[in-house]
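# A look at the structure
Read off the chains here:
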Amino acid sequence: SQCEGACILGKKSQPIAIGLLERYVADWNRMNTDQEAEAIIKENRGKKVAIIGSGPSGLACANDLAKEGFDVTIFEALHKAGGVLTYGIPEFRLPKNDVVEPEIDNLRKLGVTIKTKIHGYSWRESCRCDFGQRIVDTHKSHAWILRRI
């Protein structure tokens, strides 16, 4: 609606419905292309990275790091991955089975491990033992890299 509100065509007729165009392109791409993990994955670096939170930024970070050859594990407090994509956006706006789940499945095909229902301090001990200093916290209230990768 930001683009449509500023569209100069709206002064004399209807503005361009950019939101609908974006949705059409995304839907067409999903239905007409193979959604397999087609990325070129670099050689395994032998380094593990823990990502705290499986929201949009956690999933994007896991995707990029997995393609760069890191062994990635996502820790999620809730019972399903996806964060706001799964729990915050209504189904009629973002179809979970058609959009979110295939993206999460692609991450798994890239070798990303997703551990759900991880609460409190239980992940911290696991991270200290298994991941050393490579921990990325993607939660919106404190998104930062805890230690240099």
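Each remark here, short or long, concerns the structure printed above.
A brief look at the structure comes next.

Conventions adopted
- Residues numbered from 1 in each chain as written.
- Predicted model: local features only at pLDDT ≥ 70, side-chain atom pairs only at ≥ 80, totals over all residues.
- Heavy atoms only, no water.
- Core = buried A, V, L, I, M, F, W, Y, C linked by side-chain atoms within 4.5 Å.
- Buried < 20%, exposed > 50% of the residue type's maximum accessible area, 1.4 Å probe, protein only.
- Helix = DSSP H or I, 4+ residues; strand = E, 2+ residues; numbered from the N terminus.
- Pairing = 2+ DSSP bridges.
- Right-handed = clockwise from strand over helix to strand, strands pointing away.
- Salt bridge = Lys/Arg side-chain N within 4 Å of Asp/Glu carboxyl O.
- Contact = heavy atoms within 4.5 Å.
- Patch = residues over 30% accessible without salt bridge, like charges linked within 9 Å, V, L, I, M, F, W, Y side chains within 5 Å.
- Areas by Shrake-Rupley, 256 points an atom, 1.4 Å probe, with all protein chains shown as cover.
- Expected span 1.5 Å × (residues − 1).
- Arc of directions from axis to C-beta.

### Observations regarding the nonpolar core
In this structure, Ile51, Ala62, Leu65, Val72, Ile74 and Val112 are the most contacted members of the largest nonpolar core, which totals 18 residues. Of all elements in the fold, only β1 (48-52), α3 (56-67), β2 (71-75) and α5 (96-109) reach the threshold of two or more residues within this core. No other element matches the five residues that α3 contributes to this core.

### Digging into the pairing of β1
Judged by how many residues are buried, β1 sits mostly within the fold: four of five residues are covered. Pairing of β1 with β2 involves five bridges; the strand directions are parallel. In the sheet register, Lys48 faces β2, and the bridge partner there is Asp71. Read as a crossover between parallel neighbours, the route from β1 over α3 to β2 is right-handed.

### A word on the pattern of salt bridges
Per the counting criterion, the structure on display carries five salt bridges. Close ionic contact of Asp27 with Arg23 constitutes a salt bridge, the shortest N to O distance being 3.1 Å. One end of the pair, Asp27, and the other, Arg23, are both in helix α2 (residues 18-32), four residues apart, so they sit about a helical turn from each other. In this structure Arg23 comes out as partly exposed when scored by relative accessible area, which is 32%. Across the salt bridge formed by Arg108 and Asp105, the nearest N and O atoms sit 3.7 Å from each other. Residue Arg108 and its partner Asp105 are both found in helix α5; the two are separated by three residues, about one turn of the helix. For Asp105, a relative accessible area of 35% corresponds to the partly exposed category. Look at the salt bridges and you will find they share partners, linking Lys42, Arg45 and Glu68 into a network.

### Points about the side chain of Thr86
Within the element layout of this structure, Thr86 appears in helix α4 (residues 84-87). Apart from the residues within four sequence positions on either side, Thr86 is in contact with Lys80, Ala81, Lys96 and Val100.

### Quick notes on the environment of Ala62
Assignment of secondary structure puts Ala62 in helix α3. On a C-alpha basis, the gap between Ala62 and Ile51 in space is 7.2 Å, while along the polypeptide they are eleven residues apart. Ignoring anything within four residues of it in the chain, the contact list for Ala62 reads Ile51, Val72, Ile74, Leu107 and Val112.

### Structural notes on the pairing of β2
Counting buried positions over the five residues of β2 gives four, a clear majority of the element. In terms of strand pairing, β2 meets strand β3 (residues 113-115) through three bridges, oriented parallel. From the neighbouring strand, Phe75 faces β3, where its bridge partner is Lys115.

### What about a nonpolar patch on the surface?
On the surface, a cluster of nonpolar side chains totalling about 450 Å² of accessible area is made up of Ile8, Leu9, Ile16, Ile18 and Leu21. Its place among the elements puts Leu9 in the loop between α1 (2-6) and α2. Taking relative accessible area as the criterion, Leu9 reaches 42% and is therefore assigned partly exposed.

### Things to note about α3
The end-to-end C-alpha separation of α3 is 17 Å, in line with the 16 Å expected for twelve residues at 1.5 Å each. Inspection of α3 places Gly58, Leu59, Cys61, Ala62, Leu65 and Ala66 among the buried residues, and these make up the whole buried set. Projected down its long axis, α3 shows its buried positions confined to an angular sector of 165 degrees, all on one face.

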